[in-house]
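This is what each chain is made of:
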Amino acid sequence: MAVSISRRKISEAINGYLFVSPWLIIFTIFSIVSLLYAVYLSFTSYNLLKPPQWWGLDGYRRVFDDDLFLTKALPNTFKYVIIVVPLQTILSLVLAFAMDQKLRFRRLFRTVFYLPSVTSSVVISLIFIWIFAPQGIFNQITRLSINWLDDPRTAFYVIMGMNIFTTSGTLMLIFLAGLQDISPSIYEAAQIDGANAVQTFFYITIPMLRPVIFFVVTVGVIGCFQVFDQIFVMTAGGPLDSTTTITYLIYKWAFRDTTIKMGQASALAVVLTLIILAVTVLQRRMIEGSGSMAER
Amino acid sequence: MTVSSLSRSGVNQSAILLDRIRKGIFYAILIFWTVLSVAPLYFTLVFSLKPIADAYTPPIWWPTPFTLANYETILKTFDLFPRWVINSVNISIIVTLFRVLFCAMAGYAFARIEFPLKKLLFNLLLISMMMPGVVTLIPSFLIIGPGLIRGGISLGSLTIPTGFNLIDTPWGVILPGVADAFGVFMMTQFYKSFPKELEEAAMMDGSGRWGTFFRIVLPISQTQLLTLALLTFQGAWNNFMWPLLVLRSPENFTLPIGLQWFRGEYYTLYSVVLAGSLFNTLPILIIFFVFQRYFIRSIASTGSKEG
């Protein structure tokens with residue numbers, strides 16, 4: 001009896017590993033080994049031609065001595081996150097709230113709003129380059145003559161605006177699901193207590209949505225810190241490095257510069273990961289600290 | 001009595017008026033955003049149907065003069081375009097099939113089978129979901145490429161490669177894409193919430209874990225698998241950064257990489273770029289319309305269940 005049970009246990013364990021192994025092998029290589037590998041590379045000098053040379057913290061020192069990082073990539077990235085995350089969150093919340101009213105054509109609106117989100121980042125970037133060209137449609141409609149993407153004062157804002165535009169559809173759907181999860185009886189209770197629409201929104205809807213807001217902001221922060229595709233396609237970091245972000249700089253150091261700096265780029269990637277981690281934790285504290293409703 | 005009922009009807013009237021204003025504002029917001037959402041794709045369509053020389057010429061609302069020349073260029077003259085479409089289709093389908101199968105298998109094991117180190121592995125999975133993708137970019141590139149040492153390490157007559165040597169091949173794009181933490185997490189949650197009875201009956205009948213999985217579990221989880229498949233396909237189809245690093249020769253490009261490359265090589269042919277953009281957008285749009293409720297479910301579920 002005992003023998004057969006332990007034999008069954010062993011065969012279950014073998015089955016378990018057989019079931020997870022296809023995923024586990026690839027996951028181990030490209031997530032776990034990759035992460036350790038990145039940390040190792042960040043302590044080396046590596047240009048693809050010779051095997052990596054250990055140089056301790058030199059890579060990190062070079063990152064923090066680099067002008068392009070200190071004066072462009074770092075402030076640009078924070079500026080991008082600080083502007084894009086709140087705007088895309090508020091915008092998608094407003095859209096979801098409007099959508100949650102008992103209005104007609106809701107399904108049509110929902111479908112249409114999601115369109116910019118299904119379009120690939122490259123395609124939407126190519127379209128925006130053309131719309132915001134000097135003789136492009138935007139200037140034609142507004143009768144302006146600004147060279148949007150070649151002007152360091154405007155290029156980054158066009159990219160920000162585009163990304164707020166494209167992500168709002170997805171985030172709106174997440175908020176909409178959250179809004180529909182709020183039980184109608186809570187609203188009824190508020191109505192009986194005489195709360196008006198504005199009060200209901202700020203004292204019922206927002207607190208009830210806090211977990212969803214936390215999720216949307218977290219996803220937004222992690223995504224915005226890593227913005228790359230749109231910058232690569234639309235401006236390649238220019239004009240005058242005004243759109244160079246940390247992820248673009250990592251790419252530039254590791255793959256584009258004439259002298260490849262994989263070690264230094266890895267050091268920057270580790271720094272970026274730590275920044276994202278710190279901001280996520282901080283923001284979690286802020287959202288949870290601001291009210292007692294969040295129970296997660 | 002009468003006074004209060006009178007004032008109440010007054011309140012009602014102003015409440016109705018207020019409600020109308022409120023609804024009006026909401027409609028205005030929704031219609032404004034509808035116009036904005038449709039505009040870029042609409043303009044793209046219009047100008048893809050205008051001559052190349054008219055890429056910046058009004059009218060902007062209607063394709064006059066009308067021509068299909070840009071589409072002819074894509075389909076006939078410039079034969080790399082069809083290749084890119086085929087490459088994109090192949091890569092996206094293979095990634096989707098493998099990822100969905102692997103995620104379902106792993107998710108099932110995490111939900112139902114007891115094996116050593118299960119908890120640890122699942123926690124690693126959860127941690128990796130919080131990890132930004134950029135940090136593994138360079139190592140993944142090196143692993144897919146020649147690795148740390150070109151030509152590998154030689155041990156006598158034996159050479160051990162330090163990487164997969166898959167640069168500039170479709171498999172280099174596919175391989176890291178077939179394992180995904182979120183997919184496994186999603187399937188695990190699904191199987192955990194699923195009643196065990198059906199499987200147990202099948203196990204009693206003598207079909208082992210594998211028979212049960214392929215004959216009972218997979219068919220039951222169709223909806224969930226389709227949701228994951230759509231999410232994966234969309235991601236693979238639109239993926240840019242990873243194929244950009246892996247693929248080198250134009251005939252191996254996927255459509256997004258090809259479009260970006262084409263724009264750089266033939267800057268003056270922007271109408272062709274626009275027509276090509278629609279080739280990238282249209283398939284995913286059709287899939288989206290057909291499977292809309294699965295898309296919406298999958299996105300809605302990302303927010304409410306975890307985070």
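Residues numbered from 1 in each chain as written. Chains lettered and ligands numbered in written order. Predicted model: local features only at pLDDT ≥ 70, side-chain atom pairs only at ≥ 80, totals over all residues.

**Quick notes on the overall build of chain A**
1) Next: A count of helical and extended segments in chain A gives 13 helices and 2 strands.
2) Next: The principal-axis extents of the C-alpha atoms in chain A amount to approximately 85 × 75 × 35 Å.
3) Next: When each of the 296 residues of chain A is scored for burial, the buried share is 43%.
4) Next: Within chain A, contacts between residues at least 6 apart in sequence are counted, and of these 70% link residues at least 24 apart. (Helix = DSSP H or I, 4+ residues; strand = E, 2+ residues; numbered from the N terminus. Buried ≥ 20, exposed ≤ 12 C-beta atoms within 10 Å, placed from the backbone. Contact = placed C-beta atoms within 7 Å.)

**Thoughts on the overall build of chain B**
1) Next: Counting its secondary structure elements, chain B contains 14 helices and 2 strands.
2) Next: The globule rule puts the C-alpha radius of gyration for 307 residues at 19 Å, and the 27 Å found for chain B is more than 25% above it.
3) Next: Summarising its shape, the C-alpha atoms of chain B cover approximately 100 × 65 × 35 Å along the three principal directions.
4) Next: For chain B, buried positions account for 39% of its 307 residues.
5) Next: Residue pairs at least 24 apart in sequence account for 65% of intrachain contacts in chain B once pairs closer than 6 positions are excluded. (Rg over C-alpha atoms; globule rule 2.2 N^0.38 Å.)

**What about the nonpolar core?**
1) Next: Grouped together as the largest cluster of nonpolar side chains are 156 residues, with contacts concentrated most on A:Trp23, A:Ile250, A:Leu268, A:Ala269, B:Ala106 and B:Ile138.
2) Next: Considering each element in turn, this core owes the most residues, 15 residues, to helix 7 (residues 155-181) of chain A.
3) Next: Residues from two domains meet in this core; each of domain 1 (2-42) and domain 2 (61-289) of chain A gives at least three.
4) Next: Excluding anything up to four places from it in sequence, A:Ile250 contacts A:Ala265, A:Leu268, A:Ala269 and B:Val134. (Core = buried A, V, L, I, M, F, W, Y, C linked by C-beta atoms within 7 Å. Domains from an automatic or database assignment.)

**Considering the interface of chain A and chain B**
1) Next: Taken together, the contact between chain A and chain B spans 82 residues of the former and 75 residues of the latter.
2) Next: By residue number, the principal contributor to the side of chain A that touches chain B is helix 1 (residues 2-42) of chain A, which donates 21 residues.
3) Next: Each residue belonging to the side of chain A that touches chain B can be placed in one class, and the counts come to 60 nonpolar, 19 polar and 3 charged. (Nonpolar A, V, L, I, M, F, W, Y, C, P; charged D, E, K, R; others polar.)

**Quick look at the domain arrangement of chain A**
Residues and elements named next belong to chain A.
1) Next: Domain annotation of chain A identifies domain 1 (2-42) and domain 2 (61-289).
2) Next: Taking the mean C-alpha position of each, domain 1 and domain 2 sit 36 Å from one another.
3) Next: Taken together, the contact between domain 1 and domain 2 spans 4 residues of the former and 6 residues of the latter.

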